[in-house]
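Breakdown of the fold
Single-letter residue listing:
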Amino acid sequence: MRRGFVAAGVAAAAMVVVGCGKKEETASAPAQAPASAPAAAPAAAAGGETVVRIGHVAPVSGAQAHYGKDNENGTRMAIEELNTQGITIGGKKVRFEIQAEDDAADPKQGTAAAQKLCDAKVAGVVGHLNSGTTIPASKVYNDCGIPHVTGAATNPSLTKPGYKTTYRIIANDNALGAALALHAADTLKLKKVAIIDDRTAYGQGVAEVFKQTATSKGMQVVDEQFTTDKATDFMAILTAIKAKNPDAIFYGGMDPQAGPMLRQMEQLGLSNVKYFGGDGICTSEIAKLAAGAKTLANVVCAEGGASLAKMPGGTEWKKKYDAKYPGQFQVYSPYTYDATFVLVDAMKRADSTDPKVYIPKLAETNYKGVTSVIQFEPSGELKNAATTLYSYKDGKKTPIE
């Protein structure tokens, strides 16, 4: 999801070390091998097939449910396609099933969902969506020896513990925040920016990267404000920012807050101020949430990956997705789709659905997916991760070429 501008170019400017998120949201335990990795628990199905369950976790309730449902759709779509392929693993014909859990974008519910999947002995997990849920859940998966692949959580702290069970197939915030700051400084020649974040691991992290890269390029941060991922009234924050006369506002957070914020910016006469944000605001939903505010035209947002049109299989995949789930596409479903195939590809190469056996094969992944050719760094980060910038033209999300 990027404008054709690869992460290698951004990463040099972006390799700042980010200590992001609240303490309880940040995994800092040393890397360790799982003490007793459980074997997956395949079940016999009618017709002699073996059932292998793949977990999926995202918020499918609450203000971020549109992201979570989109993610879950991607995994369901992949599983349905895998089940048409007549896959045999370990000499047995396999049928895959999804075990979907709701974490409501809450870290405590995220760890509870992760433990539930561990107890169920799923073969692998796709998720979570939010960095604030994925980071604490990653330790749960490490401790029980089940691999998880996220196509949405972007805080760099996720892979810092070095867990052999943690993988990410999207660019992290070092790339996203830096790409936006470079565009603001070098392309748009902006001088003054105000920064707001929602105090989550994701929002605070991407805002910190933007700030560090922007100041390194000579931009002045004229104000810093904080909100929450539940807020809807930003008038006081925006009034304080207006007094500082910024050229732009950067928001680290998600679209349920960004949409109302854009409406309130227009009400306060901030219609000429650029509005930057990461993949959390880079959705189709933000146009609905902005409810016709002219400030939507000032949005510049960043996503990890190529734009759909430039993904190896993006255009055809999107046609299939829209036919199956009309009007539900947001951002990350191509990545959860690929994440599901990546897990199964490792199982096939290991000829086993047992995580103890196939986890080493995950590290050796070289899979041509819908989103990209997926290979991993030793840390579990995606190799050669790209970034795309978007704007909104006539209310439609459009890549900036």
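Quick caveat, the model's predicted, so the values are computed rather than measured.

Rules behind the numbers
- Residues numbered from 1 in each chain as written.
- Predicted model: local features only at pLDDT ≥ 70, side-chain atom pairs only at ≥ 80, totals over all residues.
- Heavy atoms only, no water.
- Buried < 20%, exposed > 50% of the residue type's maximum accessible area, 1.4 Å probe, protein only.
- Helix = DSSP H or I, 4+ residues; strand = E, 2+ residues; numbered from the N terminus.
- Arc of directions from axis to C-beta.
- Contact = heavy atoms within 4.5 Å.
- Pairing = 2+ DSSP bridges.
- Salt bridge = Lys/Arg side-chain N within 4 Å of Asp/Glu carboxyl O.
- Axes fitted to C-alpha atoms, helices over the stretch in contact; angles between N-to-C directions.
- Parallel < 35°, antiparallel > 145°, perpendicular 65-115°, else oblique.
- Left-handed = near helix turned anticlockwise from the far one by under 90°.
- Nonpolar A, V, L, I, M, F, W, Y, C, P; charged D, E, K, R; others polar.

What to know about helix H7 (residues 235–242)
Buried within H7 we find Ile237, Leu238 and Ile241. One face of H7 carries all of its buried residues, which in axial projection span an arc of 90 degrees. As for H7, its buried residues are in contact with strand E9 (192–197), strand E10 (220–226), strand E11 (248–252) and helix H8 (255–267).

Considerations on the pairing of strand E5 (residues 92–102)
Sheet topology places strand E3 (residues 50–58) next to E5; nine bridges connect them, and they run parallel. By the bridge assignment for E5, Val52 is matched with Phe96. Of the pairings in the sheet, the one linking strand E4 (residues 88–89) to E5 comprises two bridges and is antiparallel in character. Note that in E5 the partner of Ile89 across the bridge is Lys92. Connecting E4 to the antiparallel partner E5 that follows it, the hairpin turn spans two residues, and Gly90 within it adopts a positive phi of roughly 60 degrees.

Points about the pattern of salt bridges
Here the structure, examined in full by the defined rule, presents 21 salt bridges. Across the salt bridge formed by Glu224 and Lys211, the nearest N and O atoms sit 2.9 Å from each other. Residue Glu224 is located in strand E10, and its partner Lys211 is located in helix H6 (residues 201–216); the two are separated by 13 residues in the primary sequence. Look at Glu224 and you get partly exposed, because its relative accessible area is 34%. Here Asp223 ties to Lys244 by a salt bridge, and the two come within 3.8 Å at their closest N and O atoms. Taken together, the positions of Asp223 in strand E10 and Lys244 in the loop between H7 and E11 put the pair 21 residues apart, joining distant regions of the chain. By relative accessible area, which is 10% here, Asp223 ends up buried. By relative accessible area, Lys244 is classed as partly exposed at 38%. Residues joined in a network through salt bridges with shared partners are Glu49, Arg95 and Glu97.

Quick notes on unusual backbone geometry
With an omega of 5 degrees, the peptide bond running from Gly127 to His128 counts as cis. The topology assignment puts His128 in the loop between strand E6 (124–127) and helix H4 (131–144). In this model, Ala105 sits at a positive phi of 60 degrees, which is unusual for a non-glycine residue. Tracing the chain through its elements places Ala105 in the loop between E5 and helix H3 (107–119). A positive phi angle is found at Lys189, which is not glycine, with a value near 60 degrees.

Comments concerning the packing of H3 against H4
Close contact between H3 and H4 brings their axes to 8 Å; oriented N to C, the two are set at 25 degrees. The angle between H3 and H4 falls in the class roughly parallel. The two elements H3 and H4 cross, and the hand of that crossing is right-handed. Residues Pro107, Gly110, Thr111, Ala114, Gln115, Leu117 and Cys118 of H3 form the contact with H4, whose participating residues are Gly132, Thr133, Pro136, Ala137, Val140, Tyr141 and Cys144. Residue composition of the contact of H3 with H4, grouped by class: nine nonpolar, five polar and no charged.

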